[in-house]
Structures are given as C-alpha cells and as structure tokens.
Amino acid sequence: MSGVQKIEVTDDDGDQRLDRWFRRMFPHIAQGRIEKMCRKGDIRVDGGRVKASTRVQSGQVVRVPPLPDPHEITARAKTYDMISNADVEMMQDAVLYRDDYLIAINKPPGLPTQGGSKQTRHVDMLADALRFGYDQKPRLVHRLDKDTSGILLLARTRQVASTLTEAFRSRETRKIYWAAVAGCPTPKMGTIKYGLLKAGGHGHEKMVCIHPDDVAHTDGAKRSTTDYMVLDSAAKRCAWVALVPITGRTHQLRAHMAEMGHPIIGDGKYGGSGQENQGDGWGAQLGGEISRKMHLHARSLSFPHPMTGKMVKIIAPMPAHMKQTWETFAWDERDVADDPFEEFL
C-alpha cells in the first residue's frame, strides 16, 4: 500500500478528465474505485474536492490517497476464483442499469436469487461479479422465484439497500409482470384478492389460496392482492396477461392465477396434471412448440431513486423461451403500452 502522493499535472497530461489522467498514472485502479475516492474527497485537485469528470490542467496538483499495489489487486481478484468466467460474463451481460448506488439485472430463468440447502449457485453468490471496482459486492433488496426471469435490484451500499427495501415495503415501487397462462381469463381485467397460507407438511414451499371472507379467521393467512389484464390471447387456449402484485407474498402471482383456473404456463407446482384449468393442455403445459419452462417475467419496475428521488423506470427483455412462445402465437410486444393499467389508475 502506497502513502499519500501529490502529483503535478504535466503539460502533456493537461486538459483531460481526472479519471482518465488517474487511469494513465495508475492503470491497476478500477474506474469505480476512482469515482468512490472522489466522492469521499480522498482525491483532490489543488486542495479542492473534485468529480471524476473534472478536467485537470497543466500545473495543477492532484492529491492521491494511499493505493494498493498492483500485486494486492491481483490477490483480491481471487474473490472470483469460485465464479467461472462464463458466470462472470453472464452476470455482467445481464446488467440493465448501473450507477454509483444501485444495479439492476435481468435475472435469467432457472437461477435462484439466494442459496438454499441444495443451491450453491445463485445471484447472491454471483453478485461478486458485479462489484465494478467497489470493495463489497452489491446487496439484494428483493427476490424473484428461481424460474421467474426479469428485473432484480441490487444496492451498492448498505444505506441504499435500506432505502430501497423501505420503498418496496411501503409500495413506492411499481412492478409489472408478463405471463402466458392456460386459457383466457374472464373478465379480461380485474383484481384477485385471495389470501395466501403456507401449506402444511415438509418439503417444497407451496401456498394455498384462502377466500377473502375467511382470511381473518384463518391462522397464518395473509391478505394478498393482484391486478391482472389480458393483453392478447390465442382463442381460448392461452393468454398473454400483465400482472401487478399490489402485495408481495411468496408465489403470489402463481397461486392467484392457478386459483382462477388459469395457471401460468410451465408452472409445475401450481399447474400440474391435477390442477383444474381452462386451457387444453396437460396442466400448465400446452405441448407442441411451447416450452415447458415457466412463462413468468418481471417485465418493468418503476421506483424513486434512493439518492435523487427521481423516478427510475427499467424494462427487461423476455427470455428466449418466452420470445419463442410470443412468436408462436403472433403476439407483438410493440402492441401494448409499458404500463397497460395506466389509463385506469
């Protein structure tokens, strides 16, 4: 680790961004670390605080705080030893949005959000690949089911994690999911208010729907609300629906759609062969060219930025198996608004 240095900008290095000058002088220091040192006031120019984008001029003196030696950076990189190069690339390619405070990724289907007794590869572990120069990996602030794809937020600091968690808890966020379901719900727009209760017994977690009138009298039942809208359909065989979880219960969307008799395509837990539904397939499987994978995708997320308060809106492209289903039924995402419920709010 070096000590504090004061370096004068030469004529050849003048009139360029501070971060570019810094990377020329110390190529082993990542961009994220440079930006963090500027925010903390560790890097100064002529004694004053600066941003990474500040332009330095010939003759100015840059204060450089203690920096790790190149070999220390290499040693720290061993954090990635348990993550394959393919997973690092996958995680970084999944990034939809990134700034100094948060990261949003498009989680692929089949990847758990957090570890369990049998899960050793999950987003929380692979988040080490999303440091981008920060000393700590970003923190999860909410979850998606393993087989659900789409937008997942991670906070880059503890304070931001707390702020975002509170935004989800107080319903300052708006999440819209896309799903393909068996049959076509009627009416084509409505609200589902069945309560949810964890099923008894051991094994895989599953929720049971409780009639709204019985929730108050059922131990452990929690009130749950989902808005839905049919966006398109393939006769009565299958429908493309938008879902908004007003509450955020475990498996809420999956259990609610199954209770309506329209389980989500590919949902073996809530739409198996024993599930009564109005589609013409086996349970929640349509057969033919339709994938057996879960057709539930966290399509869009709107939330107040934890630092500026301005609304941020993120949209995630569908995974390949859902794109294929949409092509099979000639459903075009360009035909619907980002928030189809907006005119009814």
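Residues numbered from 1 in each chain as written. Predicted model: local features only at pLDDT ≥ 70, side-chain atom pairs only at ≥ 80, totals over all residues. Heavy atoms only, no water.

*Asks:* Looking at this structure, how should I read the confidence of the model for the protein chain?
*Replies:* Residues shown with low pLDDT carry predicted positions that ought not to be read at fine detail. Of the residues in the protein chain, 89% have a pLDDT of 70 or more, and the chain-wide mean is 87. The low-confidence segment residues 75-79, where pLDDT is below 50, has four contacts with residues more than four positions distant or belonging to other chains. For residues 274-282, every residue scores under 50 in pLDDT, and the model assigns this stretch 22 contacts once sequence neighbours within four places are set aside. (pLDDT = per-residue confidence, 0-100. Contact = heavy atoms within 4.5 Å.)

*Asks:* It is not clear to me how the sheet that holds strand β3 (residues 44-45) should be interpreted in this structure. Could you clarify?
*Replies:* Either a parallel or an antiparallel arrangement is found when strands of a sheet pair, and the pairing is made through backbone hydrogen bonds. Read from one edge to the other, the open sheet built from four strands follows the order β1-β6-β3-β4, with strand pairing classed as antiparallel. Pairing within the sheet leaves two strands with one partner each, and these edge strands are β1 (5-8) and β4 (48-49). Judged from the two bridges that link them, β3 and strand β6 (residues 61-64) form a sheet pairing that is antiparallel. Directly across from Val45, in β6, lies its bridge partner Val62. On the sheet, helix α1 (residues 18-25) packs against β1, β3 and β6 and is oriented at approximately 65 degrees with respect to β6. (Pairing = 2+ DSSP bridges. Helix = DSSP H or I, 4+ residues; strand = E, 2+ residues; numbered from the N terminus. Axes fitted to C-alpha atoms, helices over the stretch in contact; angles between N-to-C directions.)

*Asks:* Just checking my understanding: could you explain the packing of aromatic side chains for this structure?
*Replies:* Throughout the structure, instances matching the rule amount to seven aromatic pairs. Considering the side-chain rings of Phe22 and Phe26, the 5.1 Å spacing of their centres and the 45 degrees angle between planes classify their relative orientation as tilted. Phe26 carries the same exposure label as Phe22, and that label is buried. Put simply, the rings of Trp178, Trp240, Trp326, Phe329 and Trp331 touch in pairs and so form one group of aromatic residues. Cation over ring: Lys36 sits above Tyr134, and NZ or CZ is 6.0 Å from the ring centre. (Phe/Tyr/Trp six-rings, centres within 6.5 Å; stacked < 30°, edge-to-face > 60°. Buried < 20%, exposed > 50% of the residue type's maximum accessible area, 1.4 Å probe, protein only. Lys NZ or Arg CZ within 6 Å of the ring centre and 35° of its normal.)

*Asks:* Looking at this structure, how should I read helix α2 (residues 31-39)?
*Replies:* For an α-helix the count is 3.6 residues per turn, leaving residues at separations of three or four pointing the same way. Here α2 has its buried residues at Gly32, Arg33, Ile34, Met37 and Cys38. Downstream of α2 by one or two residues, Gly41 has phi in the positive range, about 80 degrees.

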